[in-house]
Every structure is written in structure tokens, then in C-alpha cells.
Amino acid sequence: MSFARDTIYRLSMLHGFPMAAAFDLKVIAGEALTNIIKHAYGGRTDQSIFIDVLMFARYIEIRFRDKGVQAPITRRHARDLTDYRERGLGVFLISKLSDYHFYDQSGTVGTELIIKKRLS
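This structure is a prediction, so every number in the text was calculated from the model and none was measured. All residue numbers refer to position in the chain's written sequence, counted from 1. Restriction of local features to residues with pLDDT of at least 70 applies here, the model being predicted, together with a cutoff of 80 or more for giving and counting side-chain atom pairs; totals for whole chains, interfaces and linings are based on all residues. For side-chain calculations, the full set of non-hydrogen atoms in the structure is used, while hydrogens and water are omitted.

The set of buried Ala, Val, Leu, Ile, Met, Phe, Trp, Tyr and Cys residues whose side-chain atoms join them within 4.5 Å is what this entry labels a nonpolar core. Burial classes follow relative accessibility: with a 1.4 Å probe on protein chains only, a residue under 20% of its type's maximum area counts as buried, one over 50% as exposed, and anything between as partly exposed. In this structure, L25, I62, F64, I94, L113 and I115 are the most contacted members of the largest nonpolar core, which totals 23 residues. Going along the chain from the N terminus, every DSSP run of H or I of four or more residues is numbered as a helix, and every run of E of two or more is numbered as a strand. Contributions of two or more residues to this core are made by α1 (2-14), α2 (19-40), β2 (59-66), α3 (89-97) and β4 (112-118). Here, residues are in contact when the closest pair of their heavy atoms is within 4.5 Å. In this structure, I62 is in contact with I8, L25, I51, D52, V53, L113, I114 and I115, ignoring residues within four places of it in sequence.

Laid out in C-alpha cells, this is it:
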């Protein structure tokens, strides 16, 4: 998992992102991967996770896909730090650190998380 996070960090730095924004993307990647392992694959680390990194002139788009169980994406997840319950901060961090995020569960299995972050 650290290889994927570090690769996303390095790619975003090479694309011109400031260090703080590149670190935000690294945090997002860690949270997304942790959620996939925990919720889609029930803690198993031997399953496939697909990551696409798309670089555009003004933003970067990262897509995380799994072929696991579709965990419900609900409002139960923490929406702010005052709603801390020892769980749910991953979705909160992804929401706050990205400019756009969307969970696609339109298939019969798996989830795709699409995030975008603008180059400032």
C-alpha cells in the first residue's frame, strides 16, 4: 500500500503540484486503499485493487477500483471532526482533501472511487 501512496505522491509532484497538495493526494490514496481492504475485501490484502492516475493540464484524476463487496456509502460516515466515532474519518478526509469525489457502484460487484484535485 505504501508503494501506491508514494507513487501517487511522486507523480503529483512531477505534474507540478505543491508539496502540500501532493501530500493531500497521498493521504487520499491511503484512505481509499484502506477502505477497499477493510470493507470490500473484509481485511484481505491478497485481492486486486486497480488504480488509474490521469493527468490533465489543470487537475489530476485518480480512480480506485475493486471487485469486492459493495459496502453502502451512506451519511453514517463522519461529516466533520465533531462527529468522530473511531470510524468514518476516511470518507471525511477524502471529501475534504479532494475537489471532487464520487463513488460508483453501478456494477454488480465492486466500487470505483473517482477523485479529482485541481492544480493550484
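From this point, the discussion proceeds with the structure in view.
With that settled, the discussion passes to the packing of α2 against α3. Note on geometry: axes are lines fitted to C-alpha atoms, helical ones only across the stretch in contact, with angles between N-to-C directions running from 0 to 180 degrees. Look at α2 against α3: their axes get within 9 Å of each other, and the N-to-C directions meet at 150°. With respect to each other, α2 and α3 are oriented roughly antiparallel. With respect to the hand of their crossing, α2 and α3 are arranged in left-handed fashion. Between α2 and α3, the contacting residues are D24, V27, I28, E31, A32 and N35 on the first element and G90, V91, L93, I94 and L97 on the second. Taken together, the residues that form the contact of α2 with α3 break down as 7 nonpolar, 2 polar and 2 charged. Orientation labels follow simple angle bins: below 35 degrees gives roughly parallel, above 145 gives roughly antiparallel, 65 to 115 gives roughly perpendicular, and whatever is left gives oblique. Put simply, a crossing is left-handed when the front helix is turned counterclockwise from the back one by less than a right angle, and right-handed when it is turned clockwise. Charged means Asp, Glu, Lys or Arg here, nonpolar means Ala, Val, Leu, Ile, Met, Phe, Trp, Tyr, Cys or Pro, and polar covers whatever is left, Gly included.

Take the sheet that holds strand β3 (residues 100-104) next. If you walk across this open sheet you meet the 4 strands as β1-β2-β4-β3, and the pairing is antiparallel. In this open sheet, the two edge strands, each paired with only one partner strand, are β1 (49-55) and β3. With direction set aside, neighbouring strand axes in the sheet form an average angle of 10°. The criterion for strand pairing is that DSSP finds at least two bridges linking the strands in question. Summarising the sheet, β1 and β2 pair through 7 bridges and their orientation is antiparallel. Paired with L54 across the two strands is E61, which belongs to β2.

Our focus in this paragraph is the pairing of β2. Connecting β1 to the antiparallel partner β2 that follows it, the hairpin turn spans 3 residues. Judged from the 7 bridges that link them, β2 and β4 form a sheet pairing that is antiparallel. Looking at the pairing, E61 lines up with K116 of β4.

Whenever Lys or Arg places a side-chain nitrogen within 4 Å of a carboxyl oxygen from Asp or Glu, that contact is recorded as a salt bridge. Applying the stated criterion across every chain, the model contains 8 salt bridges. Between K26 and D6 there is a salt bridge; the shortest N-O distance is 2.9 Å. Linking K26 in helix α2 with D6 in helix α1, this pair joins segments that are 20 residues apart in sequence. The salt bridge involving E112 is made with R63; its shortest N-O contact spans 3.3 Å. Residue E112 is located in strand β4, and its partner R63 is located in strand β2; the two are separated by 49 residues in the primary sequence. Take R63: its relative accessible area is 24%, and that puts it in the partly exposed class.

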